[in-house]
Amino acid sequence: MPLWGFFGTVHIATLIAAVIINLILYFSLKRLPEKTQHIVLGVLSFAGWATIIYNLVTLGRPLEYLPLHLCSLNGMILPFAIWSRNKTACNLLLLWSFGALFALVALPYSSQQMVLLDWPFNFFYFPHVLEVGIPIIMFKLGLVKLDYKCIKSTILITFSAYTIIHFINLAINSANLLDFNGEVIRVSYMFSIYSESFANPVLDLFYSILPYDYWYFFLSVPIIILYLMCWYLPGIIADKKQKAK
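Caption draft 1: Geometry of the overall build of the protein. Helix and strand counts for the protein stand at ten helices and zero strands. Mapped from its N terminus to its C terminus, the protein presents α and β elements in the order α-α-α-α-α-α-α-α-α-α. Over its C-alpha atoms, taken along the principal directions, the protein stretches across nearly 65 × 40 × 35 Å. Buried positions account for 44% of the 245 residues belonging to the protein. Nonlocal contacts in the protein, meaning residues at least 24 apart in sequence, comprise 72% of its contacts between residues at least 6 apart. Charged side chains of the protein number 15 positive and 11 negative; the gap between the two group centres comes to 23 Å.

Right, dumping it as structure tokens:
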């Protein structure tokens, strides 16, 4: 089987497949009763937990695969958000689903070397596909309300998590712990510390513009705002019109 690569034929095909998988899931659920929709999405939401367990158990480097990347946080919270239909959590995951999409599009260099349909690929690709699609499908099916008033909590929680995890990175790296092969452990959860071994082409670009750990990722803020406005701007405009009347 071929390597995943970066924006070659295989990579582009997997991105198209990700869209098709979520469209099939959406249209398959659309005509089903609400309770069935909720149960199916709730069961699928545990895919992220499967990846977390796989990484911790099979890769033999637990400190390097703690569930502290944005996609891992997404995967952990997704079942709670889906089963509880908590408005704050679901609106939060609307942004975090964009993080899963970013991971699929701008692959880390290590992921580019994955073999298509090998186990590491499967445990990376398919949970990310569902983490992109399920929060959006929840809103499209009307199982939860899209509320622009959650923008503040979404941004606050996201960057609070980023800041806390940055200090976790610093703590682990400063401890100079050794893995089972006797090599010093270095981590960069949520990519707060730039390293070519953890990065991808987009992060390379950010760091070339603002070459400071932690701060360089704030160059993504305009992209985040644009993404959120695509979802929430119609609601904001409608609310303003209603208040004007």
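Still to come is the rest of the account.
Caption draft 2: Spotlight on the layout of surface pockets. Its boundaries defined by the atoms lining it, the second largest pocket holds a volume of some 380 Å³. If you go around the second largest pocket, you meet 19 residues; those closest to its centre are Val19, Asn22, Val132, Gly133 and Ile136. Looking at the lining of the second largest pocket, the elements that each hand over two or more residues are helix 1 (9-30), helix 5 (87-105), helix 7 (119-140) and helix 10 (221-244). Taken together, the residues of the lining of the second largest pocket sort by class into 15 nonpolar, three polar and one charged.

Caption draft 3: Geometry of a nonpolar patch on the surface. Taken together, the side chains of Phe6, Phe7, Ile12, Ile16, Ile20 and Ile24 define a hydrophobic patch exposed on the protein surface, amounting to about 540 Å² of accessible area. As for its position among the elements, isoleucine 16 is in helix 1. On the basis of relative accessible area, isoleucine 16 is assigned to the partly exposed category, the value being 48%.

Caption draft 4: Molecular detail of the confidence of the model for the protein. Per-residue confidence for the protein averages 93 on the pLDDT scale, and 100% of its residues sit at or above 70. Ranking the elements of the protein by mean pLDDT puts helix 6 (residues 109-112) last with 85 and helix 1 first with 97.

Calculation notes
Residues numbered from 1 in each chain as written. Predicted model: local features only at pLDDT ≥ 70, side-chain atom pairs only at ≥ 80, totals over all residues. Heavy atoms only, no water. Helix = DSSP H or I, 4+ residues; strand = E, 2+ residues; numbered from the N terminus. Buried < 20%, exposed > 50% of the residue type's maximum accessible area, 1.4 Å probe, protein only. Contact = heavy atoms within 4.5 Å. Lys, Arg positive; Asp, Glu negative; His and termini not counted. Charge placed at Lys NZ, Arg CZ, Asp CG, Glu CD. 1 Å grid on protein atoms, 1.4 Å probe; cavity = no way out; pocket = protein on both sides within 12 Å on 5 of 7 lines; lining within 4 Å. Points joined across faces, edges and corners; volume = space filled by probe spheres on them. Nonpolar A, V, L, I, M, F, W, Y, C, P; charged D, E, K, R; others polar. Patch = residues over 30% accessible without salt bridge, like charges linked within 9 Å, V, L, I, M, F, W, Y side chains within 5 Å. Areas by Shrake-Rupley, 256 points an atom, 1.4 Å probe, with all protein chains shown as cover. Salt bridge = Lys/Arg side-chain N within 4 Å of Asp/Glu carboxyl O. pLDDT = per-residue confidence, 0-100.

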